[in-house]
Amino acid sequence: MAVRRVVPNVQSQAMAENQEFYGLLGLEEVMNLGWIMTLASPTAPTAQISVMTGDKTAPVVPDLSVEVDDVDAAYAAMRESGAEIVHPLRDEEWGVRRFFVRDPNGRVINVLSHRR
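This is a predicted model, so every value here is computed, not measured.

How each quantity is defined
- Numbering of residues starts from 1 in each chain and follows the order in which that chain's sequence is written.
- The model is predicted, so local features are restricted to residues of pLDDT at least 70 and side-chain atom pairs to those at 80 or more, both for listing and for counting; the totals for chains, interfaces and linings are taken over all residues.
- In computing side-chain properties, one takes all heavy atoms of the structure into account and sets aside hydrogens as well as water.
- The salt bridge criterion pairs a side-chain nitrogen of Lys or Arg with a carboxyl oxygen of Asp or Glu, the two atoms within 4 Å.
- For helices the rule is a DSSP run of H or I covering at least 4 residues; for strands it is a run of E covering at least 2, with both sets numbered from the N terminus onward.
- Polar contacts here mean pairs of N or O atoms no more than 3.5 Å apart (in protein, one a potential hydrogen donor and the other a potential acceptor; neighbouring residues in sequence count only if both atoms are side-chain atoms).
- By the convention used here, residues are in contact when the closest approach between their heavy atoms is within 4.5 Å.

Engineer: I keep staring at the pattern of salt bridges and nothing clicks. Help me out?
Structural biologist: Pairs may arise between side chains of opposite charge once their charged atoms sit close together. Applying the stated criterion across every chain yields a total of nine salt bridges. Between Glu93 and Lys56 there is a salt bridge, and its shortest N-O distance comes to 2.7 Å. On the criterion of sequence distance, the pair formed by Glu93 in the loop between β6 (85-91) and β7 (96-102) and Lys56 in the loop between β4 (48-52) and β5 (64-68) is long-range, its members being 37 residues apart. In this structure, a network of salt bridges that share partners links the residues Asp55, Arg90, Glu92 and Arg98.

See the structure below:
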């Protein structure tokens, strides 16, 4: 399994203000679903940050997202390790397959792959 990108998730009700602030650092909007907006560098597209008002289909806002090439393998590895699954593996309507797992520090990690 390979990691494609790691994205910090910032919970905020100030979407426009965050877009403006991170725009000053050179990040541009690449996705906006209303409740989540992802900003990325145009020259290094895997350099990203997501700003979320809340998670539309999960019980908590994850602290960060890790995109992997095989989310099913990641899920199996986490279950086998005994890690706490916070949100079960599922396909989301916006084109990702994901689950949430708690890391040893108590942080919630959104592990995902884009569906093809």
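Engineer: Sorry, what's going on with the side chain of Asn110 here?
Structural biologist: In this fold, Asn110 is placed in strand β8 (residues 108-114). Polar side-chain contacts of Asn110 include one of 3.0 Å to the side chain of Ser65. Contacts of Asn110, omitting those with residues within four sequence positions, involve Pro62, Leu64, Ser65, Val66, Arg98, Phe99 and Phe100.

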